[in-house]
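# Remarks on the overall topology
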Amino acid sequence: MGAIKDLIKQEPGGLVARAYTFAERAHRGQLRKSGEPYFNHPLAAAEILHEWHLDDATVAAALLHDTVEDTGAPLETIRKEFGNEVAFLVDGVTKLGHIKYRGSGADAASADSEAQNKAENLRKMILALSEDLRVVFIKLADRLHNMRTLGALPPAKQRRIALETDEIYAPLAYRLGMHNLSGELQDLAFPYLYPKEYRWLLSVSKEHFEERMNYLEEIKPRIERLLDDHGIKPLAIEIRAKRYSSLYKKLLRRDMDLGRIYDLVAMRVVVETLPECYAALGVIHEAYPPLPRRIKDYIAMPKPNAYRSLHTTVIGPEGKTIEFQIRTKEMHEENEYGVAAHWLYKQKTDPTGKGKAPSGQKLAAELKWVQQLKNWQERLSGESAADPEEFLRSMKIDFFQDRIFAVTPRGDVIDLPFAATPVDFAYHIHSEVGNSAIGAKVNGVVVSLDHPLRSGDVVEIVTQKGKKPSEDWLRFVKTSVARDHIRLSLRKKESAIRAAAAGSRSLARTELKILVEDRVGLIKDISGTIAQSRIGIVSFHTETAKGGKLHVNRVDIQTNDKRKLDKIVEKLRGVRGVREVSYK
Ligand code: MN
């Protein structure tokens, strides 16, 4: 807090100072749910936008953003007092606010209106984006502060807002390249959406986090000295803990095994110039051996969302792994602030020297994907009005162009990187589906397992019980999930042969029979529930039950402990869509 006060001191009669006075007066007497003065909220939003290096008009509009909606100040007054630009921004934010959102957690009866709301919400957001990005920046700052203070609201409202944040705002921030914001929004939403999982994660990871933090703090001076010896003076070395929400997602893909997460805490090295990035990487590799396949050059090949950095994992002192992220200050700001950072650099290099910000309109037009999105939205808005589901589906496909969305025969959407193969697809359904894959059909036609998939493909994986992955697959798979599982399975195969030779007996197993009414994400929820109890899954098979509507999942799990089994049955019965669970 305080940066806005400084701005006002610098220019007492300026736009920001006048907006401050106006908003403070308009909200006087109003309180937030927490009991504090309402004005604290627009002020906090303005502080956030100032931190993102946005211009005075945006900061002023943030101070005023709730005056029209909540205090009845006429837009015309805002226009007269603060001019067209600020009035336009305030109006844009006000219009975006008129959305009731339910999200995908609501019950089935309201599924239709729910999809409609979501579609409407996205449509408004896209329009605002293409008109002036600053409207969306204000909305994001508004949401960030509301999420930071969500604790004061009643639980039902907390859940609704958290869901909307997770499904709309965080992906939007991500797409705008604002990774830090996107991550913070997801992290703030996580405890409200998954309270049990959150508590579990805290309990299992707290020690690991502390241990890693202490280790890196200890190593930090050595790294500084090492770089210094080679004439590299970093601007900053930061120790960054992985966010809980992304850690949880990663754990779901890693069989809940914390030991397989290398970037729990990473060391971030910020240097002055591009050559220094590579020099620092070389120096670090010379001192500590890098882990194979963990070196990623996102400078030469930026991520589709423009993220740039060098990543590497090395074996540090005491044989412990360290992940390094090396980047310049400019890359760092772009990674943190995304599109907003471009704004900053434009302003700085403005040849007129008057510090005039480029218009939000111009900036939006320069972003090719924003333009494409707008064209596409206009094309679609007419025909899709009758079918919000369809609008959402195509929205997702076009919005995330670097991703493909392939579909299971039962309508589960699997999100994969560009040119992923049926093997990647199979491993994203479940590791056992991947391990036992012997063939694939795309849109009803048999294809080879290395066939590149495209968005909208309906993919059916043919499996055979007891089948093991082939080493060949490593040559063409595109995802680390697939690669890791294939390697793991190949290793297991070797040790199984050895174990059999040694005459050891097989592990305890039980087959769970789960009768379900299928829905999107159900298999993931079932396997997640089992994995959370730290019980290994040996195989997972699905068949349609007699009559058609229900499915039977047969899951072989690695335990025959009756207490454990009863517990997992109890938990699985609580999963939405599960009708009956039994074991033998
Ligand atoms: Mn607000």
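In the block above lies the structure referred to throughout.
Residues numbered from 1 in each chain as written. Predicted model: local features only at pLDDT ≥ 70, side-chain atom pairs only at ≥ 80, totals over all residues. Heavy atoms only, no water.

## Quick look at the overall build of the protein chain
Looking only at helices and strands, one finds 23 helices and 14 strands in the protein chain. The proportion of buried residues among the 584 residues of the protein chain is 48%. Of the contacts made within the protein chain by residues no fewer than 6 positions apart, 67% connect residues no fewer than 24 positions apart. As presented, the protein chain carries roughly 28600 Å² of accessible surface, and 51% of it is formed by carbon and sulfur atoms. (Helix = DSSP H or I, 4+ residues; strand = E, 2+ residues; numbered from the N terminus. Buried < 20%, exposed > 50% of the residue type's maximum accessible area, 1.4 Å probe, protein only. Contact = heavy atoms within 4.5 Å. Areas by Shrake-Rupley, 256 points an atom, 1.4 Å probe, with all protein chains shown as cover.)

## A few points about the coordination of the manganese ion
The manganese ion binds to the protein through H41 (NE2), H65 (NE2), D66 (OD) and D142 (OD); the donor distances cover 2.2 to 2.4 Å. Coordination of the manganese ion draws on donor residues from a single chain, spaced H-x23-H-D-x75-D in sequence. Here the residue H41 occupies a position in helix α3 (residues 40-51), and H65 occupies one in the loop between α4 (56-64) and α5 (67-71), the gap between them amounting to 24 residues. Per residue, the accessibility class of H41 equals that of H65, and both read buried. (Donors = N, O, S within 2.8 Å, 3.2 Å for Na, K, Ca; no water.)

## Digging into the packing of aromatic side chains
Counted under the stated rule, the structure contains seven aromatic pairs. Geometrically, the ring pair formed by Y198 and Y244 is edge-to-face, given 5.9 Å between the ring centres and 80 degrees between the ring planes. With Y198 in helix α11 (residues 195-229) and Y244 in helix α12 (residues 244-253), this pair connects stretches of sequence that are 46 residues apart. (Phe/Tyr/Trp six-rings, centres within 6.5 Å; stacked < 30°, edge-to-face > 60°.)

## Details of a positive patch on the surface
A cluster of basic residues, K196, R199, R563, K567 and K571, forms a positive patch on the protein surface. Looking at the positive patch, the elements with two or more residues in it are α11 and α23 (562-573). Take the positive patch: its biggest share by element is three residues, from α23. In this fold, K571 is placed in helix α23. Here K571 falls in the partly exposed class, since its relative accessible area comes to 43%. (Patch = residues over 30% accessible without salt bridge, like charges linked within 9 Å, V, L, I, M, F, W, Y side chains within 5 Å. Salt bridge = Lys/Arg side-chain N within 4 Å of Asp/Glu carboxyl O. Lys, Arg positive; Asp, Glu negative; His and termini not counted. Charge placed at Lys NZ, Arg CZ, Asp CG, Glu CD.)

## Looking at the sheet that holds strand β8 (residues 437-442)
Spatially, β9-β8-β10 is the arrangement adopted by the three strands of the open sheet, whose pairing is antiparallel. Among the strands making up the open sheet, the edge pair consists of β9 (445-447) and β10 (459-463). Sheet twist, expressed as the mean angle between neighbouring strand axes with direction ignored, is 35 degrees. Where β8 and β10 come together, five bridges link them in antiparallel fashion. In the sheet register, G439 faces β10, and the bridge partner there is V462. Helix α19 (residues 422-429) contacts β8, β9 and β10 of the sheet and is inclined by roughly 80 degrees relative to β10. (Pairing = 2+ DSSP bridges. Axes fitted to C-alpha atoms, helices over the stretch in contact; angles between N-to-C directions.)

## Brief notes about the packing of α11 against α12
Taken N-terminus to C-terminus, the directions of α11 and α12 make an angle of 95 degrees; their axes are 11 Å apart at the nearest point. Considering the angle they form, α11 stands roughly perpendicular to α12. Each of E197, Y198, W200, L201, L202, S205 and F209 in α11 lies in contact with α12, whose residues at this interface are Y244, L247, Y248 and L251. Along the lines of polarity and charge, the residues of the contact of α11 with α12 split into nine nonpolar, one polar and one charged. (Parallel < 35°, antiparallel > 145°, perpendicular 65-115°, else oblique. Nonpolar A, V, L, I, M, F, W, Y, C, P; charged D, E, K, R; others polar.)

## Some remarks on the sheet that holds strand β4 (residues 310-315)
Read across the sheet, five strands follow the order β1-β2-β5-β4-β3 without closing on themselves; strand pairing throughout is mixed. The sheet is open, and its two edges are formed by β1 (236-241) and β3 (296-297), each paired on a single side. With two bridges connecting them, β3 and β4 associate as antiparallel partners. Within the sheet, the bridge partner assigned to K296 lies in β4 and is H311. Against the sheet, helix α14 (residues 329-337) touches β1, β2 (265-271) and β5 (321-328), its axis set at about 100 degrees to β5.

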